[in-house]
Amino acid sequence: MSTPVIQTDLGHAGWQAIVADPASAVIATDFDGVLSPLVEDPARARPVDGALDALARLARSVRQVAIVTGRPALVATELTGVTGHPGLGGLVVLGHYGLEQWEASTGKITSDPVPAGVAVARERLPELLSIAGVPDAFVEDKESSLAVHTRRLSDPAGAFDRLRTPLTELADETQLRLEPGNLVLELRPPGIDKGVALRRLLESTGAQSILYAGDDLGDLAAFRAVEEGRRTGLNAVLLATRSSGATELIEAADIVVDDPSGVVTVLTALSDAIAAR
Ligand SMILES: O=P(O)(O)OC[C@H]1O[C@H](O[C@H]2O[C@H](CO)[C@@H](O)[C@H](O)[C@H]2O)[C@H](O)[C@@H](O)[C@@H]1O
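Bear in mind that the values here come from a model prediction, so they are computed numbers and not experimental data.

A.B. asks: Mind laying out the domain arrangement of the protein, listing which residues take part and the relevant values?
C.D. replies: Annotation of the protein at the domain level lists domain 1 (9–111 + 192–276) and domain 2 (117–188). Computed from C-alpha coordinates alone, the two centres of domain 1 and domain 2 are separated by 27 Å. The partner domain 2 presents 13 residues to the 13 residues of domain 1 that form the contact. Grouping the amino acids of the side of domain 1 that touches domain 2 by side-chain chemistry returns six nonpolar, five polar and two charged.

As structure tokens, this is what we get:
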């Protein structure tokens, strides 16, 4: 398989560094919109064909493969089906934007504490949704955070706009953070994001290079952490899918693909290049 279109010099350098020394590389990828297509019901998201095999193949030669997601870590392991998948015994899943860490080698989860504001927000949400005129918005209760989805409503974008201000106020009052995503507004603990999660992962693994794949606004923090790392010598490839149409992310990427199948193509090309070196 040929090298994908890498649009930047930094991306070329990152690709070559990973190929030359995979043992010091991390491969980290988001789940929704990157390994799985976006679907109406969050419970039905699944990785596209070939996604886990592509990660498993890379896992043979790189230092660490990780999934970094806004989902709870256990939900992500269930939806992805990574538990017991051949070749993914060293996988790490960073859930809740890094609040939780699940390790395939032990099956154990560690988590930062959940702030009390989540319980307060949970209690106040139904009335807030009613007052905002969207009582039927789907609330995905993730225990450590609450995601309000508008995708299945008759006017998804209008409902998203109507909810933004009241949910921002609720986040302020409960000392939570409002995380906007693709037709979803999440109330979640502050002080952690995918950038913090990735910095911790790079530090704990001592990796010198990384490929990070994302699609939505929540991945911007990871992109920024990688860009910051580049200033102190980290070699990196930033891969974005167009799944969520997040312009800022797409413009910052070294490689852009349309959808999760494109991610599989890129990951496969990377392991082919490693195998051919
Ligand atoms: O970090 P991620 O793995 O990308 O998770 C971010 C949020 O993704 C999910 O919502 C998105 O995907 C749903 C299923 O395809 C879709 O219905 C929704 O509109 C998208 O915003 C998930 O439900 C959230 O909990 C995640 O935080």
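Once the structure has been displayed, the description carries forward.
A.B. asks: How would you explain the sheet that holds strand β2 (residues 64–68) if you had to name every residue and give the values?
C.D. replies: Across the sheet, eight strands lie side by side as β5-β4-β3-β2-β1-β10-β11-β12; this open sheet has mixed pairing. Of all the strands in the sheet, just β5 (108–111) and β12 (255–257) have a single pairing partner and so form its edges. The sheet shows a mean angle of 15° between the axes of neighbouring strands, direction not considered. When strand β1 (residues 25–29) meets strand β10 (residues 209–214), the two strands line up parallel, connected through five bridges. Pairing of alanine 28 across the sheet is with tyrosine 212, part of β10. Where helix α1 (residues 9–20) meets the sheet, it contacts β1, β10, β11 (235–241) and β12, and its direction lies at approximately 110° from that of β11.

A.B. asks: Any details on the confidence of the model for the protein? Residues and values, ideally.
C.D. replies: Across the protein, the average pLDDT comes to 97, with 100% of residues at 70 or higher. Two numbers describe this predicted complex: its pTM, 0.97, and its ipTM, 0.98.

A.B. asks: Explain the packing of helix α2 (residues 51–59) against helix α9 (residues 260–276) to me, and be specific about the residues and the numbers.
C.D. replies: At a closest axis distance of 9 Å, the pairing of α2 and α9 adopts a crossing angle of 25°. Looking at the two axes, α2 sits roughly parallel to α9. When the axes of α2 and α9 are compared, the crossing they make is left-handed. Residues Ala51, Ala54, Leu55, Arg57 and Leu58 of α2 form the contact with α9, whose own contacting residues are Pro260, Val264, Leu267, Thr268, Leu270 and Ser271. By residue class, the composition of the contact of α2 with α9 is eight nonpolar, two polar and one charged.

A.B. asks: Just give me the short version of the nonpolar core, but keep the residues and values in it.
C.D. replies: Nonpolar side chains tend to gather and get buried jointly when the protein is soluble and globular. With 63 residues, the main nonpolar core has Val26, Leu198, Ile210, Tyr212 and Leu239 as its most contacted residues. Sorting elements by how many residues they give to this core places α2 first, with six residues. Once you skip the residues sitting within four places of it in the chain, valine 26 turns out to touch Val62, Arg63, Gln64, Ala66, Leu201, Leu202, Thr205, Ala207 and Ile210. In this structure, Leu129, Ala171, Leu176 and Leu187 belong to the second largest nonpolar core, which totals 16 residues.

Analysis parameters
- Going along each chain's sequence as written, the residues are numbered from 1 onward.
- Where local features are concerned, this predicted model is filtered to residues with pLDDT of at least 70; where side-chain atom pairs are given and counted, the filter is 80 or more; whole-chain, interface and lining totals use all residues.
- Here the limits of each domain have been adopted from an automatic or database domain assignment.
- By the convention adopted here, residues make contact when the C-beta atoms placed from their backbones lie within 7 Å.
- Basically, the charged four are Asp, Glu, Lys and Arg, the nonpolar ten are Ala, Val, Leu, Ile, Met, Phe, Trp, Tyr, Cys and Pro, and anything else, Gly included, counts as polar.
- Pairing between strands is defined by DSSP: at least two bridges between them are needed.
- Where helices and strands are cited, they refer to DSSP runs of H or I of at least four residues and of E of at least two residues respectively, numbered from the N terminus.
- To get an axis, fit a line to the C-alpha atoms, keeping to the stretch in contact for a helix; angles then go from 0 to 180 degrees between the N-to-C directions.
- On a scale of 0 to 100, pLDDT captures the predictor's confidence in every residue.
- Throughout this description, any angle smaller than 35 degrees is read as roughly parallel, any larger than 145 degrees as roughly antiparallel, any in the 65 to 115 degree range as roughly perpendicular, and the remainder as oblique.
- Put simply, a crossing is left-handed when the front helix is turned counterclockwise from the back one by less than a right angle, and right-handed when it is turned clockwise.
- Remark: nonpolar core denotes a set of buried Ala, Val, Leu, Ile, Met, Phe, Trp, Tyr and Cys residues whose joining runs through C-beta atoms within 7 Å.
- Burial in this document is a count-based property: other C-beta atoms within 10 Å of a residue's C-beta are tallied, and the residue is buried at 20 or more, exposed at 12 or fewer, or partly exposed in between, with C-beta positions derived from the backbone.

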